[in-house]
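# Residue-level structural notes
Take a look at the letters that make up each chain.
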Amino acid sequence: MQLPTPYPVQITRHIWQTGVGYLIVADSGHAMFWDTDQRESLYLDRFQKTMGFKSIDFMVPSHYHADHIGGMNEVKRNWRAKLWAMDHLVDILEHPSAYNLPSSWHEPMKVDRVLHDGEKINWEGIPLQFFYLPGQTEYTEGMLIEIDGQKLLFDGDNVFN
């Protein structure tokens, strides 16, 4: 198995790219994960030393492909992170064998919080908004975040550069 670079790349003061995924680290030391594959989850202890986060509160997958969700059950088990997903993704994540979809992850994962299109959440003083955002797949979500003086859209393989 090829491993990602074992050192995260700092994008802004609070956002770190870990490979496919991104860790957003609040000033309190709490973190959230946007996408993570199985390989990235192997480096979380090292990432923690570099980034200084205390915990991972929750994870949000952009879509169901294995390279975006393959590490989520590992992060749930080892870091006690919750899994949040939009309503149109929940059944696919919880019952993947019921779907004939390409690149899906074989292991079911329990969704702890169901998000809805347009839902706004203030997490650790950071505004987040979730959107139904089909593109690469019909089952994709996006997240708009206001942080470090910027508005950024996380999408997961829909838009590049």
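So, a few notes on the structure that sits alongside this text.

What the chain contains, in helices and strands, is 5 helices and 11 strands. If one aligns the C-alpha atoms of the chain with their principal axes, the spans along those axes are about 40 × 35 × 30 Å. Here the chain holds 161 residues, and the buried ones make up 47% of them. Partitioning the intrachain contacts of the chain with sequence separation of at least 6 by distance along the chain shows that 58% fall at a separation of at least 24. Looking at the chain as shown, the accessible area adds up to about 8,000 Å², and 48% of this sits on carbon and sulfur atoms. Computing the positive centroid from 13 side-chain charges and the negative centroid from 22, the chain places the two 8 Å apart.

Taken as a whole and judged by the stated rule, the model has 7 salt bridges. Note that lysine 76 and aspartate 112 form a salt bridge whose closest N and O atoms lie 2.7 Å from each other. With lysine 76 in helix 4 (residues 72-79) and aspartate 112 in the loop between helix 5 (90-94) and strand 7 (113-115), this pair connects stretches of sequence that are 36 residues apart.

What follows deals with the sheet that holds strand 11 (residues 150-154). Read from one edge of the open sheet, 4 strands run 8-9-10-11, paired in antiparallel fashion. Strands with a single pairing partner mark the edges of an open sheet, and in this sheet they are strand 8 (120-123) and strand 11. Strand-to-strand twist across the sheet, computed as the mean angle between neighbouring axes with direction ignored, equals 20°. Bridge count between strand 10 (residues 141-147) and strand 11: 5 bridges; the pairing is antiparallel. Pairing of methionine 143 across the sheet is with phenylalanine 154, part of strand 11.

Taken in spatial order, the 7 strands of this open sheet run 1-2-3-4-5-6-7, and their pairing is mixed. The open sheet terminates on both sides in strands that have one partner only, identified here as strand 1 (9-10) and strand 7. Sitting on the sheet, helix 4 touches strand 4 (30-34), strand 5 (55-60) and strand 6 (82-86), and the angle it makes with strand 5 is about 155°.

Conventions and cut-offs
Residues numbered from 1 in each chain as written. Predicted model: local features only at pLDDT ≥ 70, side-chain atom pairs only at ≥ 80, totals over all residues. Heavy atoms only, no water. Helix = DSSP H or I, 4+ residues; strand = E, 2+ residues; numbered from the N terminus. Buried < 20%, exposed > 50% of the residue type's maximum accessible area, 1.4 Å probe, protein only. Contact = heavy atoms within 4.5 Å. Areas by Shrake-Rupley, 256 points an atom, 1.4 Å probe, with all protein chains shown as cover. Lys, Arg positive; Asp, Glu negative; His and termini not counted. Charge placed at Lys NZ, Arg CZ, Asp CG, Glu CD. Salt bridge = Lys/Arg side-chain N within 4 Å of Asp/Glu carboxyl O. Pairing = 2+ DSSP bridges. Axes fitted to C-alpha atoms, helices over the stretch in contact; angles between N-to-C directions.

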